[in-house]
Amino acid sequence: MTIKKFLPVALMIAVSAALYVIIASYFKFSALWAPFISWPLYFLAGAKPSRLHKEVIGLSGGVLAGYLVLQVVGPISSVVGATLGLPVTVLITAFIIVMLELTDWFELAPAYFFAFAGYFAYLFGKFAGEATAFQAMFPFWGLLMIGLAMGYLTAFMRKKILEKQGVYGAAQNTVFDKEK
């Protein structure tokens, strides 16, 4: 892949990111950063539409896991003490997420962890306003889905731009794509 051939792709993605920020600002999205969690995830997961359902499941599971941690940290703290309550809760959650890597549909652990951490940033950074932990799950999830849609769209446009230049198949791969 040459710089000349890849330059239009980089420009298209940069313009897409800028347009998203303009639109999100216009609509007053409280956390216009949130889709930038799931947008690159689409590429990290291989930029394959066939994996999209796994990304949706992982991101959804991560948001749900974040909410559930908030629900069980109190009861767990009452058993193990306030100092160990959160660490034990996170230990259990991380263990479950990593074990999901042995399944077929639920194995995309990075999606869970990205959404899990992002949910806490969204909630405790007050991007959810006065929403409850439960209420905050839904707009944050929606922002993550916008990011996946942007990933899908930019991957599709990337392929079309490169094909228009006569670059097909494995020749479209960058250094990142070629690493094993």
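To be clear, the structure that these remarks concern was listed above.
Details of the environment of glutamine 135
- Tracing the chain through its elements places glutamine 135 in helix H6 (residues 133-164).
- When the C-alpha atoms of glutamine 135 and tyrosine 67 are compared, they prove to be 9.9 Å apart, with 68 residues separating the residues in sequence.
- Within polar-contact distance, the side chain of glutamine 135 engages the backbone nitrogen of threonine 132 at 2.8 Å.

Some remarks on the packing of aromatic side chains
- Enumeration according to the criterion identifies 14 aromatic pairs in this entry.
- With a centroid separation of 6.4 Å and an interplanar angle of 55°, the aromatic rings of tyrosine 20 and phenylalanine 29 are classed as tilted.
- Classification of tyrosine 20 as buried rests on a relative accessible area of 5%.
- Taking relative accessible area as the criterion, phenylalanine 29 reaches 28% and is therefore assigned partly exposed.
- Both rings, one in tryptophan 33 and one in phenylalanine 127, keep their centres 5.3 Å apart while their planes meet at 70°; by these two values the pair is edge-to-face.

What about the nonpolar core?
- In terms of nonpolar packing, the biggest core is built from 34 residues, with Leu59, Val63, Tyr119, Tyr122, Phe140 and Leu144 touching the most fellow members.
- For this core, the leading source of residues is H6, giving 10 residues.
- Leaving out residues up to four positions away in the same chain, tyrosine 122 has contacts with Ser30, Ala31, Trp33, Phe127, Ala128, Ala136, Pro139, Phe140 and Leu143.

Let's talk about the side chain of serine 77
- Note that serine 77 resides in helix H3 (residues 52-80).
- Judged by relative accessible area, serine 77 falls into the buried class, the value being 19%.
- With residues near it in sequence (within four places) discarded, serine 77 still touches Ala82, Gly85 and Leu86.

Concerning helix H4 (residues 82-99)
- With 18 residues, H4 ought to run about 26 Å at 1.5 Å a step, and its terminal C-alpha atoms sit 26 Å apart, in line with that.
- Of the residues making up H4, those classed as buried are Gly85, Thr89, Thr93 and Ile97. One side of H4 carries all its buried residues, which in axial view fall inside an arc of 85°. Across from the buried face of H4, at angles greater than 90 degrees, the exposed residues are Thr83, Leu91 and Phe95.
- For H4, the elements touching its buried residues are H3 and helix H5 (109-124).

Some words on the environment of methionine 157
- When you line up the elements, methionine 157 lands in helix H6.
- Separated by 144 residues in sequence, methionine 157 and isoleucine 13 have C-alpha atoms that sit 8.9 Å apart.
- Contacts of methionine 157, omitting those with residues within four sequence positions, involve Met12 and Ser16.

Describing the pattern of salt bridges
- Throughout the structure, instances matching the rule amount to 5 salt bridges.
- Residue arginine 51 is joined to glutamate 107 by a salt bridge in which the shortest nitrogen-to-oxygen separation is 3.9 Å. On the criterion of sequence distance, the pair formed by arginine 51 in the loop between helix H2 (35-44) and H3 and glutamate 107 in the loop between H4 and H5 is long-range, its members being 56 residues apart.
- Taking relative accessible area as the criterion, glutamate 107 reaches 17% and is therefore assigned buried.
- With a shortest N-O distance of 3.8 Å, lysine 160 and glutamate 163 are connected by a salt bridge. Of this pair, lysine 160 and glutamate 163 both sit in helix H6, 3 residues apart, which is roughly one turn of that helix.
- Look at the salt bridges and you will find they share partners, linking Arg51, Lys54, Asp104 and Glu107 into a network.

Rules used in this analysis
Residues numbered from 1 in each chain as written. Predicted model: local features only at pLDDT ≥ 70, side-chain atom pairs only at ≥ 80, totals over all residues. Heavy atoms only, no water. Helix = DSSP H or I, 4+ residues; strand = E, 2+ residues; numbered from the N terminus. Polar contact = N/O pair within 3.5 Å; in protein donor to acceptor, adjacent residues only side chain to side chain. Phe/Tyr/Trp six-rings, centres within 6.5 Å; stacked < 30°, edge-to-face > 60°. Buried < 20%, exposed > 50% of the residue type's maximum accessible area, 1.4 Å probe, protein only. Core = buried A, V, L, I, M, F, W, Y, C linked by side-chain atoms within 4.5 Å. Contact = heavy atoms within 4.5 Å. Expected span 1.5 Å × (residues − 1). Arc of directions from axis to C-beta. Salt bridge = Lys/Arg side-chain N within 4 Å of Asp/Glu carboxyl O.

Distances and angles like these do not, on their own, reveal function.
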